[in-house]
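# Results of the structural survey
Read off the chains here:
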Amino acid sequence: MRIVQKFGGTSVGSLERIRKTADIVQAELAHGNQVAVVVSAMSGETNRLTAMAREVSEQPAARELDALIATGEQVSAALLAMELQQRGVSAYSYSGGQAGFITDGSHERARIKNIEGNHLLAHMQSGEVPVVTGFQGVDERGNVTTLGRGGSDTSAVALAISVHANVCEIYTDVDGIYTTDPRIVPTACKIKRISYEEMLEFASLGAKVLQTRSVELAMRYDMPLHLRSSFEPVTGTMVVQEDETMERATISGVAYNRDEAKITIMGIPDQPGIAANVFGPVAEAGINVDVIVQNVSEQGYTDITFTVPCGDYQSTMNIMRSLCKQMDARDVKGDDSIAKVSVVGVGMRSHAGVAKEMFDVLANAGVNIQMITTSEIKITVVIEEKYIELAVRALHSAFGLDEEGS
Ligand code: ADP
Ligand code: ASP
Ligand code: MG
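The structure reproduced in this document is the subject of the present report.

Let us now look at the packing of helix α3 (residues 62-69) against helix α4 (residues 71-85). The geometry of α3 relative to α4 is characterised by a closest axis approach of 4 Å and an angle of 20 degrees between their N-to-C directions. Classed by the angle they form, the pair α3 and α4 counts as roughly parallel. Contacts from Ala-67, Leu-68 and Ile-69 in α3 reach Thr-71, Gly-72 and Glu-73 in α4. Taken together, the residues of the contact of α3 with α4 break down into three nonpolar, two polar and one charged.

Pairing within the open sheet is antiparallel, and its six strands lie in the order β14-β15-β13-β16-β18-β17. Of all strands in the sheet, those with a lone pairing partner are β14 (292-294) and β17 (371-375), marking the two edges. With strand direction ignored, the average angle separating the axes of adjacent strands in the sheet is 25 degrees. Alignment of strand β16 (residues 331-344) against strand β18 (residues 378-384), held across seven bridges, turns out to be antiparallel. What sits directly across from Lys-340, in β18, is Val-382. Contacting β13 (253-269), β14 and β15 (301-309), helix α9 (residues 274-284) crosses the sheet at an angle of about 25 degrees to β15. Here helix α11 (residues 354-364) sits on the sheet and contacts β16, β17 and β18; the angle it forms with β18, its principal contact strand, is near 20 degrees.

Right, let's get into the site of ligand 2. Taken together, Ser-40, Ala-41, Thr-46, Glu-73, Phe-135, Arg-149, Gly-150, Gly-151 and Ser-152 make up the full set of residues adjacent to ligand 2. Take Thr-46: an N or O atom from its side chain is 2.8 Å from a nitrogen atom of ligand 2. The separation between an oxygen atom of ligand 2 and a polar main-chain atom of Gly-150 is 2.9 Å. Relative to its unbound accessible area of 260 Å², ligand 2 is 85% covered by the protein chains. The residue makeup of the shell around ligand 2, split by class, is two nonpolar, five polar and two charged.

Reading guide: rules and limits
- Residues numbered from 1 in each chain as written.
- Chains lettered and ligands numbered in written order.
- Predicted model: local features only at pLDDT ≥ 70, side-chain atom pairs only at ≥ 80, totals over all residues.
- Heavy atoms only, no water.
- Axes fitted to C-alpha atoms, helices over the stretch in contact; angles between N-to-C directions.
- Helix = DSSP H or I, 4+ residues; strand = E, 2+ residues; numbered from the N terminus.
- Parallel < 35°, antiparallel > 145°, perpendicular 65-115°, else oblique.
- Contact = heavy atoms within 4.5 Å.
- Nonpolar A, V, L, I, M, F, W, Y, C, P; charged D, E, K, R; others polar.
- Pairing = 2+ DSSP bridges.
- Near = heavy atom within 4 Å.
- Polar contact = N/O pair within 3.5 Å; in protein donor to acceptor, adjacent residues only side chain to side chain.
- Areas by Shrake-Rupley, 256 points an atom, 1.4 Å probe, with all protein chains shown as cover.

Structure, rendered in structure tokens:
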């Protein structure tokens with residue numbers, strides 16, 4: 001078998017953890033498998049580097065910030081390669097650029113365009129272990145770029161696709177994907193197999209266990225993912241194509257995201273093209289808009305409310321304030337103390353009434369719903385942030401997801 005193993009921050013968080021990680025790599029080699037490794041920075045390191053940059057400058061240049069935060073992964077790759085070498089394994093570290101990860105030029109949120117050359121595959125075939133830095137690449141001019149927080153997952157999946165691996169193993173600090181974040185609901189259950197589609201919804205709705213883009217890539221190229229623990233040698237969760245053996249519960253899980261802010265532009269003269277006018281400049285600024293609600297027009301005026309990631313809140317407010325003047329709208333209001341909670345499940349396709357049940361549960365818990373959006377396999381509501389844990393627990397329990405016996 002050919003395997004790409006990705007180790008997250010906690011799995012390389014200390015020299016002791018790096019030794020344990022080397023044990024896992026060696027065990028796979030001992031089974032006769034070909035292995036390439038992708039590593040994250042030691043846990044906390046990317047935050048530490050980012051905070052240091054902000055001490056130097058309030059708005060550091062994106063190019064330099066990327067050059068700085070990409071170093072975290074280089075430290076762990078070199079240390080793991082050294083550890084493997086001293087056990088007699090031919091392992092060599094590669095930065096994103098050395099590994100041939102070519103990205104576009106959008107610093108801090110770059111997308112991998114391709115992985116150049118197949119030298120890593122040749123190394124794997126000759127029994128060597130490439131240890132590649134996750135989270136980074138270089139653009140066409142050779143500038144270092146990074147792929148957004150959590151981006152090492154995406155590096156690993158892209159590498160697995162490029163070397164035609166049989167599986168991409170994502171080692172982390174939980175032993176699988178749970179019906180919700182086990183840190184806030186201890187009774188959450190481990191899911192044995194989950195479809196790409198559900199995992200994609202889960203990830204994009206806030207379950208930060210896998211970066212959304214990594215799931216998108218895995219789904220497009222049908223690359224099986226095995227999310228598992230580097231602390232315990234147990235089988236984790238397989239993320240694969242939907243099949244008949246998957247359980248058909250109505251709801252597979254509950255996801256939440258605190259990282260959103262809400263903006264309302266009020267009293268806009270209602271005429272064709274207003275939505276395009278509002279969202280055009282936001283898109284040009286590279287800001288992703290999530291939930292959108294437009295009110296019914298009253299006496300020729302309407303309101304539009306939408307959410308953006310918290311990090312883009314201030315810049316979006318600035319854009320809206322100047323638009324408000326240009327469009328002769330009445331006012332702009334913002335609120336960054338909101339959160340989003342979603343129930344997800346392919347089973348929803350064949351069950352009616354899930355939305356009603358979700359609204360009942362929230363009403364009984366005394367949680368007010370501010371915005372609602374749905375797709376075929378998910379229902380999302382925006383609520384006040386302080387109720388998020390209460391809402392997640394209530395929904396998890398009401399949809400029968402709590403572990404039996406608890
Ligand atoms: P790594 O540093 O290894 O990439 P992350 O912190 O990015 O690890 O992802 C693992 C974390 O994801 C877990 O510790 C857990 O708290 C969180 N998480 C959120 N939602 C889920 C979920 N549904 N199932 C499992 N873990 C989840
Ligand atoms: N080190 C980066 C981060 O903390 C990338 C990753 O860990 O996946 O976001
Ligand atoms: Mg991660």
